[in-house]
Amino acid sequence: MTEVAESQAVVLPLLKNVQEMLNEEKWTRAALSNYSTGQFKELDVLLKEAREAKIYDELKQLCDEHLVHTKNSIIALYLSGMIALSRQLIDDAVLVNLVTIFVDNHKWGIVRYLCERILDYGESKFALRTLAECCKNENEEEPIIGIWERLVKADYEEADIAKALAEHYEKLNDAETAVDYYKKALHRYINKGVFANVREIWAKLIEHCPEDIDFFLHVEKRLAKNVSEDKAVLLLEDVFASCKKRGEIDTAIGLLKLILQYDERDSLARREITECFRLKYADHSQLEEYIRISNLTQNWRNVREAITDFEKHIAFDKGSFVFHRTWGVGRIASMQGDEIVVDFAKKRSHPMSLKMAVNALQTLSKNHIWVLKATQKKEKLHERVKNEHSWTLKTIIKSFGNSCDLKRIKAELVPSVLSAGEWTGWSVKAREILKTDPIFGVSQDNIDNFTVRERPISIEEKLYNEFKAQKNFFDRIDILKDFESQKEAELDSEFFNEMFGYFTGYLRSYSQVNEQIIASYLLVKELAGRHPHMEKSLTAGFEEIFRNIEDLTGIFLNLKDTRLKEEFLLQIKLFIPEWPDIYVRLFPHAMLPSIINSLEREGYEDKLTAMIQNCFEHYRDFREAVVWFYKNVKPPRWFADANISEEKKLITLIYILDITYRDIDNHRDTAENRKTNKQVYAILFTEGLIESFIAGADRDTVLRIYTLINDVKDLDPADKFKLRNSIQERDPDFKFSGETEKKTFRALLVTAAKYEEKQRELARIMDVEVPANSREIAFALSLGDLRENAEYKAAKEKQEILNSTVAKLKDEIERAQIFDPGTVSAERVSFGARVLLANRSAGTEEEFTILGPWESDPEHKIISYLSPFGSTILNRKIGEEFEFSFNQGNQGKRAGDDEKVMYLVKEIKKVL
């Protein structure tokens, strides 16, 4: 029996059996009381057989059709629901309906079995909640706690059970776990806007973890945003009272400043902050005076201005360090009334009024990096900085308002403390510490700025802070994935929920599909693959989202991560029937091997062939794809099927070389064109494609290829020259057209030494002679009447000469191509060669060196390759005779303008 026949032998009876079961259930109207878990276990066996026979689709279709007219069929609901669940489909209404039927009839044993079967495929809020209800109804209290814990993780909105768990662990004296659940409940009540419960839990957290100020401030911001600022102030007042009671005055002052930001007319907060300042600066000699002059206690004065004024003044006291932008770091030596005396390193005992000091000096803490550099021996500070990375980072970051980046850190250390070489190694370890040490965080306003935390934070909170500070969408994806990959990461924590919610928010409401929508879908889909309960966040399927895309190519290119592009392609293949055409459309813009592999593996070689043909025909638009095909497509039959010969491949590459040169010159997509140009040049010249091709080509083809190369304006003339020599070495009788010969030397070949000399000459004229001439013109103008002003006329004439000289030099330098001495050959006369000629007419020998017009010196027998005689000699071989007519001017000391001379090439030597 064949495999197909065997399959049919299983499929048909199985589906027939199910149909009979459905009919029997319908006809007998089996009562719910007759159902037991045993019957569902039998259905599970049937599901296993259907899966092995690969007839899930047929079975589900059969059950769904039955449910249309028998909506409460237990068998159909179970089979259809379990198949949908196994495929992680979003709609779970069928199983919810089934479970609800048995809940309503108090069949708790079956309810438990159904819930456990649902949970076999991942966490389900409905199944967990129902399972907990089942345990409660069967008086099984012990399992409920475990179920609740799973439910709180699966349901990010469940607040009441999180609170109940916190109270449970609080009774067990497990404060750490209780606090964790209280925090979860708090965030969820804030989302629901239930302030009474928020206030109750807030008091519990102040009792159990009063030192966790960062958490309280984070919650306060969320409450102000989600509920109201007045409610946020109420909670801050509770935390303030706790801090003041514990003697944490600095923290208390910070909290009061925050309260006053919400309401600067809060008189109670104003009195409290004044009292806290008195406690903090109790030993300051000018405390009461500064409170008085800042009007801190006067309600008519703006409280923020008063606080700023007070803090500026209170920082000045005997022994305090200050900084002046001219005199550097100093120390207050004494204070008498409104006058202070400061000792600066280079200005001792400098008197200043207090008013001037407040405006001109910056107060510094004794641990400020500037103070340490000014007061400690360099060797001692160097040794500590070199060995104590964490201390150094803390010191510098705190020195600048507890927020600075690595550039600022480097500026403070190099070269005053560390050498540039020492910094290289030091900074590597510093970066690692900033990334991993929980005492360091990032600023929420700028991800490049680091801060020092008052208390160590978990890696999860550190990543959360980075997420908040990061403004780039795709970098945020990386941070969330990093968070999820942490071994101890709590995916039900508010940190994760807020980050995850950032992406699901894109999926909940959008008017147009863009790369953020696609990337959010792909991210949630990936996470749901590892954590099935997250599947509920996908409110729409991939096909629905895909069909709303207007600019597919633009979105694909804007997915900045190759992994996202690959996942996007996979989803297209899975859910979009016309995926091969989409792959062909996208490939020229991304050149991902997976596209080629998928098309080839699925048998779409005709589409591959058409794609290659299209890219070569439209090489201007798909130049990168053409280069990719040349470098990566190995089966030559693909090019043959696309009717692309070796000559066409070569010519297309030459065209791409030319247009990339032009686009670079026009500053069009410069970076991309430079990359493509470099790749094509390497293929043609470095890897020797042209050389190998012309070796086996006929003369017409070689001339055609050479002409195309010669027409590439910005190609180095040395490459053209080398190709020309190579052609003539293989075919001594090969003739180049006159036009081709002329174009070969359109650029100006020069030696490196002469090129540098001309650049120096241009710089001298521009930097010395032109400014001097401008001064001469200005002086001449100052003399008055220009009609009789000889100085002015002379200066203007000189200006014209200078302008002409500069224009000529700039043009020649722009055309100049430094000659590569490695290309000089003794086989033929070329640039950089010395040739010995026998003058057959005069019976003498003459020796010439062939260089460029810049190096030309006829008196010393150095002639330009562009001169009439030089161009005639060029490319001659030893033993070759030629005739030259001197009717175009004297070359050396020759008489007779119309004299014709016969020459024989006797010897060729390299001189470069």
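Up top you'll find the structure we're talking about.
Cut-offs and rules
- Residues numbered from 1 in each chain as written.
- Predicted model: local features only at pLDDT ≥ 70, side-chain atom pairs only at ≥ 80, totals over all residues.
- Heavy atoms only, no water.
- Core = buried A, V, L, I, M, F, W, Y, C linked by side-chain atoms within 4.5 Å.
- Buried < 20%, exposed > 50% of the residue type's maximum accessible area, 1.4 Å probe, protein only.
- Helix = DSSP H or I, 4+ residues; strand = E, 2+ residues; numbered from the N terminus.
- Contact = heavy atoms within 4.5 Å.
- Salt bridge = Lys/Arg side-chain N within 4 Å of Asp/Glu carboxyl O.
- Pairing = 2+ DSSP bridges.
- Axes fitted to C-alpha atoms, helices over the stretch in contact; angles between N-to-C directions.
- Phe/Tyr/Trp six-rings, centres within 6.5 Å; stacked < 30°, edge-to-face > 60°.

1. Quick look at the nonpolar core
Core analysis: the biggest nonpolar cluster contains 120 residues, and F40, L59 and F316 have the highest contact counts within it. Here this core takes nine residues from helix 4 (residues 74-86), the largest share from any one element. Those residues within four positions of F316 in sequence are excluded, and the remaining contacts are H284, Y290, V322, I332, M335, I340, L354, A357, V358, L361 and T363.

2. What to know about the pattern of salt bridges
Summed over all chains, the structure comprises 53 salt bridges. Across the pair E158 and R129 runs a salt bridge, and its minimum N-O distance is 2.8 Å. Of this pair, E158 sits in the loop between helix 8 (142-154) and helix 9 (160-171) while R129 sits in helix 7 (residues 125-137), placing them 29 residues apart in sequence. Judged by relative accessible area, which is 10%, E158 ranks as buried. A salt bridge links E526 to R530; the shortest N-O distance between them is 3.3 Å. Pair noted here: E526 and R530 are both in helix 27 (residues 515-530), with a separation of four residues, about one helical turn. What makes E526 partly exposed here is its relative accessible area of 30%. Salt bridges sharing common partners tie together K481, E484, E526 and R530.

3. Focus on the sheet that holds strand 3 (residues 339-344)
On the basis of which strands lie adjacent, the open sheet formed by five strands has the order 4-3-2-1-5 and antiparallel pairing. Strands with a single pairing partner mark the edges of an open sheet, and in this sheet they are strand 4 (347-353) and strand 5 (362-364). With direction set aside, neighbouring strand axes in the sheet form an average angle of 40 degrees. Judged from the six bridges that link them, strand 2 (residues 328-336) and strand 3 form a sheet pairing that is antiparallel. Paired with R331 across the bridge in strand 3 is D343.

4. Quick notes on the packing of aromatic side chains
Per the stated rule, a full pass over the model turns up 44 aromatic pairs. Aromatic pair Y464 and F495: ring centres 4.8 Å apart, planes at 40 degrees, arrangement tilted. Taken together, the residues span a long stretch of sequence, with Y464 in helix 24 (residues 459-469) and F495 in helix 26 (residues 494-508) at a distance of 31 residues. In this structure Y464 comes out as buried when scored by relative accessible area, which is 2%. Considering the side-chain rings of F616 and F639, the 5.9 Å spacing of their centres and the 85 degrees angle between planes classify their relative orientation as edge-to-face. Separated by 23 residues along the polypeptide, F616 in helix 33 (residues 605-617) and F639 in helix 35 (residues 636-641) bring together distant segments of the chain. The pair formed by F616 and F639 is uniform in burial state, with each residue classed as buried. Connected via pairs of aromatic rings, a cluster forms that spans F467, F473, F474, Y502, F503 and Y506.

5. A look at the environment of L151
Locating L151 in the fold gives a position in helix 8. Using a relative accessible area of 1% as the deciding quantity, one classes L151 as buried. Sequence separation between L151 and R129 is 22 residues; the distance between their C-alpha atoms is 6.9 Å. Setting aside chain neighbours within four positions, we find L151 in contact with K125, L128, R129 and I161.

6. Things to note about the sheet that holds strand 13 (residues 881-885)
Backbone hydrogen bonds are what pair the strands of a sheet, in a parallel or an antiparallel way. What the five strands build is an open sheet, ordered 12-11-10-14-13; its pairing is mixed. Looking along the sheet, the strands with just one partner apiece sit at the ends: strand 12 (862-864) and strand 13. Averaged over all adjacent pairs, the angle separating strand axes in this sheet is 45 degrees, with direction ignored. Bridge analysis of strand 10 (residues 833-839) against strand 14 (residues 900-910) gives seven bridges, and the strand direction is antiparallel. What sits directly across from A833, in strand 14, is K910.

7. A word on unusual backbone geometry
Each neighbour pair has its own omega, and for V414 with P415 the value is 5 degrees, a cis peptide bond. Unusually for a residue other than glycine, N295 sits at a positive phi of about 55 degrees. With respect to the secondary-structure elements, N295 resides in the loop between helix 16 (287-293) and helix 17 (303-314). One non-glycine residue, H667, lies in positive phi territory at about 60 degrees. Tracing the sequence through the fold places H667 in the loop between helix 36 (646-665) and helix 37 (670-686). Relative accessible area serves as the criterion here: at 68%, H667 is assigned to the exposed category.

8. What about the environment of V227?
Relative to the assigned elements, V227 resides in the loop between helix 12 (213-226) and helix 13 (229-246). Residues V227 and E646, spaced 419 residues apart in sequence, show a C-alpha to C-alpha distance of 71 Å. Setting aside chain neighbours within four positions, we find V227 in contact with I190, G193 and R222.

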